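Descriptive structure summary
This is what each chain is made of:
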Amino acid sequence: PVQLSTPSKKVQQTIKQAILSSLKDPDSAKFRGKITLVDKTYACAEVNAKNGFGGYAGFKQFYLTKTQSDWFVLASDDSSRENCIDILHSVANKK
């Protein structure tokens, strides 16, 4: 079964910082909903931010992974939170 949890405030800040550092305009970032940990070493988060043309691109699902103590963005797309959870859970089970 998938192990879902809500990260501590400290971990949430670390995850948000990883996402912000991957954006063209980090000051424009708007987070929506909860950040969800998937099997403890992956996370899903939903963010809207301005693109290179200065317009908001719409909310994107961000896929993250943890190594040692740092979080890194693996990808982002237009999928749902449920899809993010399913994909990251299947990745976790292939390790």
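Data block above holds the structure.
Here is a short report on the structure shown in this document. Every residue gets a number counted from 1 within its own chain, in the order that chain's sequence is written. Where totals are concerned, whole chains, interfaces and linings use all residues; where local detail is concerned, this predicted model gives features only for residues with pLDDT of at least 70, and gives and counts side-chain atom pairs only at 80 or more. With hydrogens and water stripped out, all remaining heavy atoms of the structure feed into the side-chain values.

1. Observations concerning the overall build of the protein chain
The criterion, for reference: Helix numbering and strand numbering both begin at the N terminus, where a helix is a DSSP run of H or I of at least 4 residues and a strand a DSSP run of E of at least 2. We compute the radius of gyration over the C-alpha atoms and compare it with the globule rule, which gives 2.2 Å times the number of residues raised to the power 0.38. Per-residue accessibility, obtained with a 1.4 Å probe over protein chains only, is compared with the maximum for each type, and a residue is labelled buried under 20%, exposed over 50%, and partly exposed between these values. Residue contacts are counted whenever heavy atoms from the two residues lie within 4.5 Å of one another. Surface accessibility follows the Shrake-Rupley procedure with a 1.4 Å probe radius. Residue values consider only the protein chains on display as shielding. Positive charges come from Lys and Arg, negative ones from Asp and Glu, while His and the chain ends are left out of the count. A single reference atom marks each charge: NZ on Lys, CZ on Arg, CG on Asp, CD on Glu.
The helix and strand inventory of the protein chain stands at two helices and five strands. Along the chain direction, N to C, the helices and strands of the protein chain fall in the order β-α-β-β-β-β-α. The C-alpha atoms of the protein chain give 13 Å as radius of gyration, which agrees with the globular expectation for 95 residues (12 Å, within 12%). On the principal axes, the C-alpha backbone points of the protein chain span a range of 40 × 25 × 20 Å. Looking at the 95 residues of the protein chain, the share that counts as buried comes to 33%. Once local pairs closer than 6 in sequence are excluded, the contacts in the protein chain between residues at least 24 apart make up 46%. Accessible area of the protein chain: about 5,900 Å², with a carbon and sulfur share of 51%. In the protein chain, the 14 positive side-chain charges and the 9 negative ones have mean positions that sit 5 Å from each other.

2. Considering the environment of glutamate 82
Turning to its location among the elements, glutamate 82 is positioned in helix H2 (residues 81–93). Residue classification places glutamate 82 among the partly exposed residues on the basis of a relative accessible area of 49%. Expressed as a C-alpha distance, the spacing of glutamate 82 and aspartate 27, which sit 55 residues apart in the sequence, is 27 Å.

3. Considering the state of the cysteines
Defined as follows: The rule for a disulfide is simple: a pair of cysteine sulfur atoms within 2.5 Å.
One pass over the structure, following the stated rule, counts one disulfide. There is a disulfide in this structure between cysteine 44 and cysteine 84, and the S-S distance comes to 2.1 Å. Between cysteine 44 and cysteine 84, the S-S dihedral sits near -100°, and the bridge is therefore left-handed. Here the residue cysteine 44 occupies a position in strand S3 (residues 42–48), and cysteine 84 occupies one in helix H2, the gap between them amounting to 40 residues.

4. Concerning unusual backbone geometry
Although it is not a glycine, aspartate 39 adopts a positive phi angle of roughly 50°. Residue placement: aspartate 39 occurs in the loop between strand S2 (30–38) and S3.

5. Observations concerning the layout of surface pockets
Rolling a probe over the atoms, with the probe sized like a water molecule, indicates the empty space that remains. Keep this limit in mind: Cavities and pockets were defined on a 1 Å grid built over protein atoms only: a cavity is a set of grid points that admits a 1.4 Å probe from which the probe cannot escape, a pocket is an open set flanked by protein on both sides within 12 Å along at least five of seven lines, and lining residues are those with an atom within 4 Å of any such point. Grid points are joined across faces, edges and corners, and a volume is the space filled by probe spheres set on the points.
Each pocket or cavity is described by its volume, and for the largest pocket that value is around 220 Å³. Among the secondary structure elements, those contributing two or more residues to the lining of the largest pocket are S3 and strand S4 (60–67).

These results come straight from atomic positions and should not be treated as a statement about function.
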